[in-house]
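Here's the letter readout for the chains.
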Amino acid sequence: VQHHRAGGRPVVLDREPARVALVRERLGLEAAVTSGDEDGDAPGAAEAVAELTGGRGAAVVFEAVGAAAAFRDALRCARDGGRVVVVGVYGSERYPLPMGVAWSRGLDIRFTGMANVQAHWDDSLGAVRAGEIDPAALITHRLPLSQAEEGYELFRARRALKVMLRPEP
């Protein structure tokens, strides 16, 4: 899922209609479905963001997928002088960064690196306790631990956003 800000409001783009519906219903965010080709590119992503921003593009784009095609889309969706924040997890995947394009457009590209969970744990739990965020809204399936394989398959097939496995008595 790629998150974009359009006119001060968060917008979520995804290739999966079910996840877009979930974002709209559970989180109350504006969301759009984009298409994708065999390389994973979503040709409609930049067009959707341009339409929502009067052609300017997003001031800040969060790439949360962790795939070269998603990073390419993020670069396309950012406005000139915008920021691309890469939170998606990359292993050994390579991507030929178009340095001249990023430089001439004045893009600020930031990589978050490995999540330092401990540094943010207290603040995150405090926000949950205060009711500022509700992580349970992202859980689409709750299964017993004995059905873990089914849970992984639901996630792999993109029929689930988050699967919670619970121990059985």
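Keep in mind the model is a prediction, meaning the values are calculated, not measured.

> Looking at this model, I keep getting lost on the nonpolar core. Mind explaining?
Within soluble globular proteins, side chains that are nonpolar tend to cluster in buried spots. Counting residues in each nonpolar core, the largest one holds 17 residues, and the members touching the most others are Leu13, Val61, Cys77 and Val84. Among the secondary structure elements, those contributing two or more residues to this core are β2 (9-14), α2 (43-52), β4 (58-63), α3 (68-77) and β5 (78-86). In terms of residue count, the dominant contributor to this core is α3 (four residues).

> How should I be thinking about the environment of Leu27 in this particular structure?
When you line up the elements, Leu27 lands in helix α1 (residues 17-27). We classify Leu27 as partly exposed; its relative accessible area is 37%. Through-space distance from the C-alpha of Leu27 to that of Leu138 is 8.3 Å; in sequence the pair is 111 residues apart. The residues contacting Leu27, other than those within four sequence positions of it, are Leu22, Ala137 and Leu138.

> Is there a simple way to think about the packing of aromatic side chains in this case?
Any pair of aromatic rings gets described here by the distance separating the centres and the angle formed by the planes. For the coordinates displayed, the defined rule picks out two aromatic pairs. Plain terms: the ring middles of Phe71 and Tyr95 are 5.3 Å apart, the flat faces sit at 85° to each other, and that makes the pair edge-to-face. Separated by 24 residues along the polypeptide, Phe71 in helix α3 and Tyr95 in the loop between β5 and α4 (99-104) bring together distant segments of the chain. Judged by relative accessible area, Phe71 falls into the buried class, the value being 6%. Chaining the aromatic ring pairs together yields one cluster made of Phe71, Tyr95 and Phe111.

> Explanation requested: the pairing of strand β8 (residues 162-166) in the structure shown.
Regular strands place side chains that alternate from one sheet face to the opposite one. Of the pairings in the sheet, the one linking strand β7 (residues 139-144) to β8 comprises five bridges and is parallel in character. In the strand pairing of β8, Arg142 is matched with Met164. Handedness of the crossover is the feature at issue here: the chain leaves β7, passes through helix α6 (residues 148-156), returns alongside β8, and the resulting connection is right-handed.

What counts, and at which threshold
- Residues numbered from 1 in each chain as written.
- Predicted model: local features only at pLDDT ≥ 70, side-chain atom pairs only at ≥ 80, totals over all residues.
- Heavy atoms only, no water.
- Core = buried A, V, L, I, M, F, W, Y, C linked by side-chain atoms within 4.5 Å.
- Buried < 20%, exposed > 50% of the residue type's maximum accessible area, 1.4 Å probe, protein only.
- Helix = DSSP H or I, 4+ residues; strand = E, 2+ residues; numbered from the N terminus.
- Contact = heavy atoms within 4.5 Å.
- Phe/Tyr/Trp six-rings, centres within 6.5 Å; stacked < 30°, edge-to-face > 60°.
- Pairing = 2+ DSSP bridges.
- Right-handed = clockwise from strand over helix to strand, strands pointing away.

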